[in-house]
Amino acid sequence: MKQVPQKDAPLKLNDAGTWIREGVSYEANEPDAFALEEALRQKEKHTGEVVVITAGPARAMQVLREALAKGADRAIHLEDDAFVGLDAYNTARAIAAAIKDEKFDLVFTGLQSDDYGYAQTGVILAEILGWPHATIIMQIEKRTEQDGGGIRVKRELEAGFFQFVDMPLPAVLTIQSGINKLRYATLIGIKQAKNKPLRKVTLAEVQSAMGANLQKIERLYLPQKTKNTEYLEGPPAEVAKKLVEKLKNEMRVI
Amino acid sequence: MADTILVVVEQRESKLNRISWETITAGQAIAAQTGWTLEAAVVGSGVGPIASEVAEKKVAKVYDVESARLEPYTPDAFVHALREFLAKHPAKLVLMPHTYQVRDFVPKLATALETTAISDVIGARYEGGKLLFTRQMFQGKFVADVSFAGSGSCFVTFQNGSFRADKVEAGAAAAPVETVNVDIPDGVVRNHPQEVFKEAKQAVDLTQAEIIVSVGRGIKEQKNIELAKQLADALGGELAASRPICDNGWLPMDRQVGSSGQTVAPKLYLALGISGAIQHMVGMKGSKSIVAINKDSEAPIFEIADYAVVGNLFDVVPPLIEELKKAKG
């Protein structure tokens, strides 16, 4: 899971114009929240253990705390400010190094992050682990041994199309938003979360697995407007009048 | 490495995905700026006719990369085939459209080659001997110029609509087509895809609608959908929504506009409480007129709006419905 700025948080550029200023409100990346929920549901169906992992500064601990309160069994925190600036390849390499002694059957990620929007970390992680993957998943069923075992997943394709894919385990799946309904943490869950195991991993522990970023953000800036937007201002009744006039005389749709 | 730009054309079930023309336009633009050679490749089984179709465009050469194991699509087979191909025909830049299929295999391919993919790019320019790729960040609130800092092939995927398919240049004569047979051994392909299908009956065809009123998270509650419905009725248009609204079940999936829903280009697209996530905007930015009503003045939807109302939709929409009724008599 990844911690990202809240959807409506006002963002400001840093002085170098290469990233945003810290100190805004953060939340769990939305597709990642659906990935966690799906993991919890799979555990409820098939038993097992849900482990949640994040790479980020100390503040990202909040994402893990919430996940533990919702029902995850333990957490891994790759904690360092440097994890914010990694490209997807390095993030995946750091995560792979941190879980090398684990024996997972399934790794879920959200299909993309709301900050960088690479939509790559999960797939890269699969390649590093040598596992098969499937992306933009809307449903996961365990297959019986008679049917060949493994899982059957439902992939979302474009324009309303879908496809079922059978695949062996272990596997990496990137989860689409809306695959399930998110739960809230209960009071008892929040209490229990405090006693659940948390493993911290430092940058030094995984650095040998990482390399230089292969993508460099030269400059971050506000989008240049390509359209000449006309702002309609005033009290609502007046705005409504102006807009109807535009709809009639300029857009000519009424 | 040769100064080659390779465009990997997308096909599904032996039909060219037309978004590939946009990628070729992008390749032609970059080739014109850098002086590099532009080539194209089609990957699949029995896709020679597509290779010939692409060869009519202004490209130096087209490769038809063939294996029976490339149909149906799987990430394992595509990565295996393109790895083998690129080992023999290295390219400095490998360009593809940012489709769901490409998203499924490109990160794996780039990782296998120990390089990177700059994804969902909306523009490219060559400046001081360096290629800069523009991509949106923070859901479109910012854009970034990104450069490639590696030494291998640089993969780039282009967002739908960033270059114009109708601007693709035809060649003076058909480019040569070379068939490259790749060997994909047993055991490489681990996933077994089933037939592609469409879920529900498409009850409404939004692509035919001239007027669309679309609702986003700003509508807040299911019961407020009725207000948007009244506005759509007053305008004589169809009601549509961004993904979260359909995920919540507030409107059926066939009313979803965006990359996972329908792509529309009506005369009027009126966005109510839609912030303008990238996945939504790719589905409606071709609309003739866009009106956006949103209380967040920094919402990315305003970047592409013709008319903007910064305000609470619950204050603006009721008088708007009244005015429309009056205007229509």
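For clarity, every value in this text was computed on a predicted model and none was experimentally measured.

Here is what the cut-offs are and how they apply
Residues numbered from 1 in each chain as written. Chains lettered and ligands numbered in written order. Predicted model: local features only at pLDDT ≥ 70, side-chain atom pairs only at ≥ 80, totals over all residues. Helix = DSSP H or I, 4+ residues; strand = E, 2+ residues; numbered from the N terminus. Domains from an automatic or database assignment. Contact = placed C-beta atoms within 7 Å. Nonpolar A, V, L, I, M, F, W, Y, C, P; charged D, E, K, R; others polar. Axes fitted to C-alpha atoms, helices over the stretch in contact; angles between N-to-C directions. Parallel < 35°, antiparallel > 145°, perpendicular 65-115°, else oblique. Left-handed = near helix turned anticlockwise from the far one by under 90°. Pairing = 2+ DSSP bridges. Buried ≥ 20, exposed ≤ 12 C-beta atoms within 10 Å, placed from the backbone. Arc of directions from axis to C-beta. pLDDT = per-residue confidence, 0-100.

## What to know about the overall build of chain A
A tally of helices and strands in chain A yields seven helices and twelve strands. The principal-axis extent of the C-alpha atoms belonging to chain A is close to 65 × 45 × 40 Å.

## Re the domain arrangement of chain B
Residue and element names in this part refer to chain B. If you check the domain split of chain B, you get domain 1 (4–181) and domain 2 (206–328). At the junction of the two partners, domain 1 supplies seven residues and domain 2 supplies nine residues. Looking at side-chain class alone, the side of domain 1 that touches domain 2 contains no nonpolar, six polar and one charged residues.

## Considerations on the packing of helix H3 (residues 75–88) of chain B against helix H4 (residues 100–112) of chain B
Residues and elements named next belong to chain B. With their axes 9 Å apart at the nearest point, H3 and H4 run at an angle of 45° to one another. With respect to their mutual orientation, H3 and H4 come out oblique. Here H3 runs over H4; the crossing is right-handed. Along its contact with H3, which presents Pro75, Phe78, Val79, Leu82 and Arg83, the element H4 presents Asp104, Phe105, Lys108, Leu109 and Ala112.

## A short note on the interface of chain A and chain B
Contact residues are listed per partner, giving 69 residues for chain A and 75 residues for chain B. With nine residues, helix H7 (residues 236–249) of chain A is the single largest residue contributor to the side of chain A that touches chain B. Of the residues assigned to the side of chain A that touches chain B, the class counts are 41 nonpolar, eleven polar and 17 charged. Where strand E8 (residues 161–167) of chain A meets strand E12 (residues 192–198) of chain B, five bridges bridge the pair, whose relative direction is antiparallel. Bridging across to E12 of chain B, Phe161 of chain A finds its partner in Lys198 of chain B.

## A word on helix H2 (residues 61–70) of chain A
Residues separated by three or four positions in an α-helix point in the same direction, a consequence of the helix having 3.6 residues per turn. Residues and elements named next belong to chain A. Most of H2 is tucked away, with seven of its ten residues classed as buried. Regarding H2, the residues found buried are Val63, Leu64, Glu66, Ala67, Leu68, Ala69 and Lys70. Residue Gly71 follows H2 closely and has a positive phi angle near 135°.

## Thoughts on the sheet that holds strand E7 (residues 117–127) of chain B
Hydrogen bonds between backbone atoms are what pair the strands of a sheet, whose relative direction is either parallel or antiparallel. Across the sheet, ten strands lie side by side as E11(A)-E9(B)-E8(B)-E7(B)-E10(B)-E6(B)-E1(B)-E4(B)-E5(B)-E11(B); this open sheet has mixed pairing. With partners counted over all chains shown, the strands left at the sheet margins are strand E11 (215–221) of chain A together with strand E11 (177–181) of chain B, one partner each. Taken pair by pair, the neighbouring strands of this sheet meet at an average axis angle of 35°, ignoring direction. Examined bridge by bridge, E11 of chain A and strand E9 (residues 142–148) of chain B share six bridges and lie antiparallel to one another. Each bridged residue has a counterpart across the sheet, and for Tyr221 of chain A the counterpart in E9 of chain B is Val143 of chain B. Contacts from helix H1 (residues 19–34) of chain B reach strand E1 (4–9), strand E4 (37–44), strand E6 (93–97), E7 and strand E10 (154–158) of chain B, with the element oriented near 150° to E6 of chain B. Against the sheet, helix H2 (residues 48–55) of chain B engages E1, E4, strand E5 (61–66) and E11 of chain B, with an angle of about 170° to E5 of chain B.

## Thoughts on the pairing of E8 of chain A
Residue and element names in this part refer to chain A. Looking at chain direction, strand E7 (residues 151–156) and E8 are connected through six bridges and run antiparallel. Bridging across to E8, Val153 finds its partner in Val165. The turn linking E7 back onto E8 is made up of four residues, and Ala159 within it adopts a positive phi angle of 55°.

## Things to note about the pairing of strand E16 (residues 289–294) of chain B
Residue and element names in this part refer to chain B. Most of E16 sits out of view: five of its six residues are buried. Relative to E16, strand E15 (residues 268–272) runs parallel, the two being bridged by five bridges. Across the sheet, the residue bridging to Ala271 is Ala292, located in E16. Pairing of E16 with strand E17 (residues 307–310), which is carried by four bridges, proceeds in the parallel orientation. Across the sheet, residue Asn294 finds its bridge partner in E17, namely Val310.

## Topic: the environment of Val189 of chain B
Residue and element names in this part refer to chain B. Counting through the fold element by element, Val189 comes out in the loop between E11 and E12. Residue class for Val189 comes out partly exposed when judged on the 19 C-beta atoms lying within 10 Å of it. Not counting residues up to four positions away in its chain, the partners in contact with Val189 are Arg69, Thr74, Asp76, Ala77 and Ile184.

## Concerning helix H5 (residues 225–235) of chain B
All names here are of chain B. Inspection of H5 places Ala228, Leu231, Ala232, Ala234 and Leu235 among the buried residues, and these make up the whole buried set. When H5 is viewed along its axis, its buried side chains cluster within an angular range of 160° and face the same direction. Where H5 is buried, its residues touch strand E13 (211–215), strand E14 (238–241), E15 and helix H8 (313–328). Directly beyond the C-terminal end of H5, a positive phi value near 70° is found at Gly236.

## A word on unusual backbone geometry
Of the consecutive residues Leu169 of chain A and Pro170 of chain A, the connecting peptide bond is found in the cis state with omega at -5°. A cis amide bond, omega 0°, links Glu71 of chain B with the succeeding residue Pro72 of chain B. Looking at the secondary structure, you find Pro72 of chain B in the loop between E5 and H3. Unlike most non-glycine residues, Thr47 of chain A shows phi in positive territory, near 60°. Topologically, Thr47 of chain A is positioned in the loop between helix H1 (30–46) and strand E3 (51–56). For Asp120 of chain B, which is not glycine, the phi torsion reads 60° and is therefore positive.

## Considering the confidence of the model for chain B
As a general rule, the predicted coordinates of low-pLDDT regions are not to be interpreted in detail. Scored by pLDDT, chain B has a mean of 94; 99% of the residues are at 70 or more. Scored as a complex, the prediction yields pTM 0.91 and ipTM 0.92.

## Comments concerning the sheet that holds strand E4 (residues 74–79) of chain A
All names here are of chain A. In spatial order, the strands read E3-E4-E10; together these three strands make up an open sheet with parallel pairing. The sheet is open, and its two edges are formed by E3 and strand E10 (198–202), each paired on a single side. On average, each strand axis in the sheet is inclined to that of its neighbour by 15°, with strand direction left out of account. Those strands touched by helix H3 (residues 88–98) are E3, E4 and E10, and its axis lies near 135° from that of E3.

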